[in-house]
There are 4 protein chains.
Amino acid sequence: MIREPILAINFKAYPTAFGIKGLNIAKSAEKVYKELGGNVEVIVIPPATELRKFKEELEIKVFAQHADPYDLGARTGYLPLEVIKDTGVDGVLINHSEHRLRLDEINFLVTKAKKLDLITLVCADVPETGAAVAVLKPNIIAVEPPELIGTGIAVSKAKPEVVTNSVDLIRSVNKDVIILTGAGISTSDDVDAAIRLGTSGVLVASAIMKAKDPEKVIRDMAQAAYKAWERYRKK
Amino acid sequence: MIREPILAINFKAYPTAFGIKGLNIAKSAEKVYKELGGNVEVIVIPPATELRKFKEELEIKVFAQHADPYDLGARTGYLPLEVIKDTGVDGVLINHSEHRLRLDEINFLVTKAKKLDLITLVCADVPETGAAVAVLKPNIIAVEPPELIGTGIAVSKAKPEVVTNSVDLIRSVNKDVIILTGAGISTSDDVDAAIRLGTSGVLVASAIMKAKDPEKVIRDMAQAAYKAWERYRKK
Amino acid sequence: MIREPILAINFKAYPTAFGIKGLNIAKSAEKVYKELGGNVEVIVIPPATELRKFKEELEIKVFAQHADPYDLGARTGYLPLEVIKDTGVDGVLINHSEHRLRLDEINFLVTKAKKLDLITLVCADVPETGAAVAVLKPNIIAVEPPELIGTGIAVSKAKPEVVTNSVDLIRSVNKDVIILTGAGISTSDDVDAAIRLGTSGVLVASAIMKAKDPEKVIRDMAQAAYKAWERYRKK
Amino acid sequence: MIREPILAINFKAYPTAFGIKGLNIAKSAEKVYKELGGNVEVIVIPPATELRKFKEELEIKVFAQHADPYDLGARTGYLPLEVIKDTGVDGVLINHSEHRLRLDEINFLVTKAKKLDLITLVCADVPETGAAVAVLKPNIIAVEPPELIGTGIAVSKAKPEVVTNSVDLIRSVNKDVIILTGAGISTSDDVDAAIRLGTSGVLVASAIMKAKDPEKVIRDMAQAAYKAWERYRKK
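Predicted model, so just to flag it, every value in this text is computed and none were measured.

**Focus on the overall build of chain A**
1) Next: Along its length, chain A carries 10 helices and eight strands.
2) Next: Its C-alpha atoms give chain A a radius of gyration of 16 Å, within 12% of the compact-globule value 18 Å for 235 residues.
3) Next: Dimensions of chain A, computed from C-alpha atoms along their principal axes, come out at roughly 50 × 40 × 35 Å.
4) Next: With 235 residues in all, chain A has 64% of them scored as buried.
5) Next: The long-range fraction of contacts in chain A, counting pairs at least 24 apart against all pairs at least 6 apart in sequence, stands at 67%.
6) Next: Accessible surface computed for chain A: about 8,400 Å², of which carbon and sulfur atoms make up 47%.

**Some details on the interface of chain B and chain C**
1) Next: In this assembly, 17 residues from chain B lie in contact with 17 residues from chain C.
2) Next: Looking at the side of chain B facing chain C, the largest losses of area belong to R100, L103 and V135 of chain B, adding up to 34% of the total buried there.
3) Next: Our enumeration of links across chain B and chain C arrives at two salt bridges.
4) Next: The shortest N-O distance in the salt bridge between R100 of chain C and D104 of chain B comes to 3.9 Å.

**Topic: the pairing of strand 4 (residues 91-94) of chain D**
All names here are of chain D.
1) Next: By the alternation rule, side chains of strand 4 split into G91 and L93 and V92 and I94, which are all buried.
2) Next: Of the strand pairs in this sheet, strand 3 (residues 61-64) and strand 4 are connected by two bridges, and their pairing is parallel. By the bridge assignment for strand 4, F63 is matched with G91.
3) Next: Taken together, strand 3, helix 3 (residues 81-86) and strand 4 form a β-α-β motif whose crossover is right-handed.
4) Next: One ladder, built from four bridges, connects strand 4 with strand 5 (residues 119-124); its direction is parallel. Paired with V92 across the strands is T120, a residue of strand 5.
5) Next: Between the parallel pair strand 4 and strand 5, the chain is carried across by helix 4 (residues 103-115), and the sense of this crossover is right-handed.

**Focus: helix 7 (residues 160-173) of chain D**
Residues and elements named next belong to chain D.
1) Next: The first and last C-alpha atoms of helix 7 sit 21 Å apart over 14 residues, in line with the 20 Å expected at 1.5 Å per residue.
2) Next: Taken residue by residue, helix 7 has V162, V163, S166, V167 and I170 as its buried positions. Summarising the axial view, the buried residues of helix 7 lie within an arc of 135°, below the 170-degree limit, and thus occupy one face. Helix 7 presents D168 and S172 as exposed residues on the side facing more than 90 degrees away from its buried surface.
3) Next: Those residues of helix 7 that are buried lie in contact with helix 5 (127-134), strand 6 (140-143), helix 6 (155-158) and strand 7 (178-182).

**Here's the deal with the interface of chain C and chain D**
1) Next: Counting from both sides, the interface comprises 34 residues of chain C and, opposite them, 34 residues of chain D.
2) Next: Roughly 2,800 Å² of surface becomes buried between chain C and chain D when both sides are summed, with 62% attributable to carbon and sulfur atoms.
3) Next: Seen at the junction of chain C and chain D, the total is four salt bridges.
4) Next: Between R52 of chain D and E50 of chain C there is a salt bridge; the shortest N-O distance is 2.9 Å.
5) Next: On the surface where chain C and chain D come into contact, there are 20 residue pairs in polar contact (both at pLDDT 80 or more).
6) Next: Among the secondary structure elements, those contributing two or more residues to the side of chain C that touches chain D are helix 2 (51-57) and helix 3 (81-86) of chain C.
7) Next: Counting residues per element, the side of chain C that touches chain D draws most heavily on helix 2 of chain C, at four residues.
8) Next: Its residues assigned to classes, the side of chain C that touches chain D shows 14 nonpolar, 11 polar and nine charged.

**As for the packing of helix 4 (residues 103-115) of chain A against helix 5 of chain D**
1) Next: Helix 5 of chain D packs onto helix 4 of chain A with a crossing angle of 125° between their chain directions and a minimal axis gap of 10 Å. In this view, helix 4 of chain A runs oblique relative to helix 5 of chain D, as classed from their interaxial angle. Crossing handedness for the pair helix 4 of chain A and helix 5 of chain D: right-handed. Between helix 4 of chain A and helix 5 of chain D, the residues in contact are L103, D104 and N107 of chain A and E128, T129, A132 and V133 of chain D, respectively.
2) Next: By residue class, the composition of the contact of helix 4 of chain A with helix 5 of chain D is three nonpolar, two polar and two charged.

**Description of the relation of the copies chain C and chain D**
1) Next: Once turned by 180° and shifted 0.0 Å along the axis, chain C lies on chain D with an RMSD of 0.0 Å. The relationship between the two copies is best expressed as a two-fold rotation axis. The position closest to the rotation axis in chain C is occupied by the C-alpha of T49 of chain C, lying 2.3 Å away.
2) Next: Here 100% of the interface residues in chain C have copies in chain D that are interface residues too; the copies meet face to matching face.

**Some details on the relation of the copies chain B and chain C**
1) Next: Of the two same-sequence chains, chain B is brought onto chain C (RMSD 0.0 Å, axial shift 0.0 Å) by a rotation of 180°.
2) Next: Taken together, the interface assignments show that 100% of the residues at the interface of chain B recur at the interface of chain C, consistent with an identical surface on both copies.

**Description of the sheet that holds strand 5 (residues 119-124) of chain B**
The strands that make up a sheet pair up through hydrogen bonds in the backbone, lying either parallel or antiparallel.
All names here are of chain B.
1) Next: If you walk around this closed barrel you meet the eight strands as 1-2-3-4-5-6-7-8, and the pairing is parallel. Between one strand axis and the next, the sheet turns through 25° on average, direction left out of account.
2) Next: Each of strand 4 (91-94) and strand 5 is contacted by helix 4 (residues 103-115), which is oriented at about 160° to strand 5, the strand it contacts most.
3) Next: Contacts between helix 5 (residues 127-134) and the sheet are confined to strand 5 and strand 6 (140-143), with strand 6 contributing the most and set at about 170° to the helix.

**Describing the nonpolar core**
Soluble globular proteins: nonpolar side chains tend toward being buried together.
1) Next: Counting residues in hydrophobic clusters, the biggest one holds 305 residues, and the most contacted among them are I9 of chain A, I9 of chain B, I9 of chain C together with I9 of chain D.
2) Next: I9 of chain A has contacts with A29, V42, I43, V44, I45, V204, I208, M209 and I218 of chain A, leaving out every residue within four places of it along the chain.

**Looking at the packing of aromatic side chains**
Residues and elements named next belong to chain C.
1) Next: Overall, the coordinates contain eight aromatic pairs over all chains when judged by the stated rule.
2) Next: Residues F11 and F54 carry aromatic rings whose centres are separated by 5.8 Å and whose planes lie at 75° to one another, so their mutual orientation is edge-to-face. Taken as a pair, F11 in the loop between strand 1 (6-10) and helix 1 (19-35) and F54 in helix 2 lie far apart in primary sequence, 43 residues in all.
3) Next: When its relative accessible area of 0% is taken as the criterion, F11 is described as buried.

**Comments concerning the environment of D189 of chain A**
1) Next: When you line up the elements, D189 of chain A lands in helix 8 (residues 188-196).
2) Next: Sequence-wise, D189 of chain A and K34 of chain A are 155 residues apart; in three dimensions their C-alpha atoms are separated by 22 Å.

**Concerning the environment of L23 of chain D**
All names here are of chain D.
1) Next: Relative to the assigned elements, L23 resides in helix 1 (residues 19-35).
2) Next: For the pair L23 and F54, spaced 31 residues apart in sequence, the C-alpha to C-alpha distance is 6.9 Å.
3) Next: When residues no more than four places from it in sequence are discounted, the contact partners of L23 are F54 and E57.

**A word on the arrangement of the chains**
1) Next: In this structure chain A stays clear of chain C, and the shortest span between their C-alpha atoms is 16 Å.
2) Next: Across all C-alpha pairs, the smallest distance from chain B to chain D is 16 Å, and the two are not in contact.

**Things to note about helix 5 of chain B**
1) Next: Taken across its eight residues, helix 5 of chain B has seven buried, putting it largely inside the fold.
2) Next: Those residues of helix 5 of chain B lying buried are P127, T129, G130, A131, A132, V133 and A134 of chain B.
3) Next: Its buried side turned inward, helix 5 of chain B meets strand 5, strand 6 and helix 7 (160-173) of chain B together with helix 4 (103-115) and helix 5 (127-134) of chain C.

**A word on the side chain of S166 of chain C**
All names here are of chain C.
1) Next: Structurally, the position occupied by S166 is in helix 7 (residues 160-173).
2) Next: On the basis of relative accessibility, which here comes to 2%, the residue S166 falls in the buried class.
3) Next: Among the polar contacts made by the side chain of S166, one reaches the main-chain carbonyl oxygen of V162 at a distance of 2.5 Å.
4) Next: Beyond its immediate stretch of four places on either side in the chain, S166 contacts P127, V143, E161 and R171.

**Let's talk about the side chain of T129 of chain A**
1) Next: In this fold, T129 of chain A is placed in helix 5 (residues 127-134).
2) Next: For T129 of chain A, a relative accessible area of 1% gives the class buried.
3) Next: A polar side-chain atom of T129 of chain A sits 2.5 Å from a polar atom in the side chain of D125 of chain A.
4) Next: What T129 of chain A contacts, discounting residues up to four positions off in sequence, is A124 of chain A together with L103, D104, N107 and L136 of chain D.

Cut-off values and rules
- Residues numbered from 1 in each chain as written.
- Chains lettered and ligands numbered in written order.
- Predicted model: local features only at pLDDT ≥ 70, side-chain atom pairs only at ≥ 80, totals over all residues.
- Heavy atoms only, no water.
- Helix = DSSP H or I, 4+ residues; strand = E, 2+ residues; numbered from the N terminus.
- Rg over C-alpha atoms; globule rule 2.2 N^0.38 Å.
- Buried < 20%, exposed > 50% of the residue type's maximum accessible area, 1.4 Å probe, protein only.
- Contact = heavy atoms within 4.5 Å.
- Areas by Shrake-Rupley, 256 points an atom, 1.4 Å probe, with all protein chains shown as cover.
- Buried area = accessible area lost by both parts, 1.4 Å probe.
- Salt bridge = Lys/Arg side-chain N within 4 Å of Asp/Glu carboxyl O.
- Pairing = 2+ DSSP bridges.
- Right-handed = clockwise from strand over helix to strand, strands pointing away.
- Expected span 1.5 Å × (residues − 1).
- Arc of directions from axis to C-beta.
- Polar contact = N/O pair within 3.5 Å; in protein donor to acceptor, adjacent residues only side chain to side chain.
- Nonpolar A, V, L, I, M, F, W, Y, C, P; charged D, E, K, R; others polar.
- Axes fitted to C-alpha atoms, helices over the stretch in contact; angles between N-to-C directions.
- Parallel < 35°, antiparallel > 145°, perpendicular 65-115°, else oblique.
- Left-handed = near helix turned anticlockwise from the far one by under 90°.
- Least-squares fit on C-alpha atoms with pLDDT ≥ 70 in both.
- Core = buried A, V, L, I, M, F, W, Y, C linked by side-chain atoms within 4.5 Å.
- Phe/Tyr/Trp six-rings, centres within 6.5 Å; stacked < 30°, edge-to-face > 60°.

Here is the structure:
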């Protein structure tokens, strides 16, 4: 269902995340995905208002940035997973550092997403909470120290032990979950390091969304992911 | 910008609120709007994922159910007003009883929506908070006692004094704001009473979204609004 | 019930706010209160854990920093107003910028506090929300622009128009409520300005709680309040 | 530091939880504790306003119902762990179903409580989240299905598999943590079942706090805990 390595792009609510600008960045992501023969899973994660449009226009995987931990019903202004699913998206980001959830809500969403056949990418702030999340058996976990998010200082450079500890702690309770590196990922070197240190790719945002030439950054990172995977991880 | 009387339909996150079912109800609303020569402002308020589609397909006013009180930027999973505006919608529901906001957040949203030329419909639970909201000068206020929402017991029947007190208290601080009646609106009689008691229409949800024949309910309510307006309120 | 002018001291959760340190600052406040013959209402506002002790040991008014907008019952870890009242305190701070509440919650607390004979001091961020709160008829309102809180830059100096606009806007909907100035109050000059600009005193925190000699700062401010009141406001 | 078996009494915000009524129930708990020679760890968990008083008057363990996941500083109306610790209490309840926390907040509190030498009792709603919490290494975990809380239908009777699954799942990631049974515990039989099914006692609230004779219920439950522990669990 999901290939490795992974380049997941969180559009956040940046001025480039929606409308024609957002769609253009998503199309660049699709172009790069095709250039690499589909060997790197490039995932775009736009605001909820863009989900239908993105799925109509794109062949790559699209995730929602969030879903609300409720069932369908009288829930004005909330987006339960069923509403998200109906847009055609492939998966959902859960518990991003800018949108943290209660533990019981994470469990609710992971459990229900499984039933709805939606891929779950759950964020955590430190290796310990990454391992706690791993017990709930999501598809993908990204460990992102909040103090590095948006700084341009990659966790894989500044705190490589966070990456390796995450892998060790998460693997001690869950052998199968895919692990990503996040926070501060800025260059293709950071992507290489993320994979070299034992994770399956990156969750990236500002380095692409705020770039002068987003397509170039996406291409550099996707190529780095491809090469690092071939070199360090392919069996 | 907004005509009176008003029939505002909150789709909430009901199973009928999104996808083809949601669009069909919205098209029924448009049909009724046209039948009445545009003399009743029929507003549809679907989940955020449906906003672009609704605006592409419909000529009637579309409002968002909620917006997040933030500026554009690193706000994963949130929808600032600029993102909402970009979908083409006409306005936004704020502070619904199922999605209450802090007072400073209501003020932030009303102030910013004005700059973005978005109509604001702010909900309140009792006449006193309705009057407090009126000080912030939104376009429309709906007073909805939460204990009646979804019950089928109309506030205009069960607690007509809530409606008249709301009008009195709100008018004591704001002469211009449009006032709606909400909570439990189920029949065309309830719509008639809402206008007779001095408000400009209704905010309704389950009576339409859970109806066997939503179009019929919309038509009955819109016609009642039209007649009541002609009878009681037209100068 | 409450005298003017007022010097309200928010202990927050500073290291000096609780235990023996907190009690010592509160006793200094009481000493200054007595020195001025009770002509300045000095109010101490410590963390919830300290309320009983403060009321046992002090004669001056003690307020809680917050109360939770719930009735008594199954509310683990929350403090409804009845629990707060039972400690013997005189009033409660509501909607501080570090603990904002929903509009309906503010109304719930103000209404219930009145029944329990507790004085309400409600904070607001800007003149507009101050006026909105005034509609709910609390006893005291403090307008504190959040961007100045804790900066040492007094609103009465940096933005005197916030103070005068607050007074004008609040008075347009409520003739009786007591108005305080907050945010950045650091010196006796700031207290003088607050009263000269038309409010009845100040809500202050860090300037006292982080002072080397809290008693001296309390005395300077209370004396300034007394003199300014005599000079500008006494009829 | 903690003995087994455990009878932990959550006072919640019931009318009997504070003031003289609350203290009387706590003294009954102490009396029963002494009658049983200290062989059952009876823990009382009152509202934050009562913590200092309880510690002055009682020899048994006192826990706080909640702590806020912040450091000391400008946190009006919040109670960081340092403030809680200063009252002299022995531990803190975290993530009760009526006061759920985000996963990162639970981790913050468990980690910091350890440094402050406070015992942590973390609640979870289902065995899966119980196991997730166990990864964070608190001292005690209570698994309480929210749908049973306050019903008088004990989880150990209605859903014994929740108890046994919790033990299995939690033990698969953490060999040392103490496990309690919660939700609906009403009789000494429920306490017996909780221990027979493999946990070390119960977290109980309404059955004691709403009892006509709280002391009798405490005694019955504590004796049942003592006997069950001797029979099923003592090595």
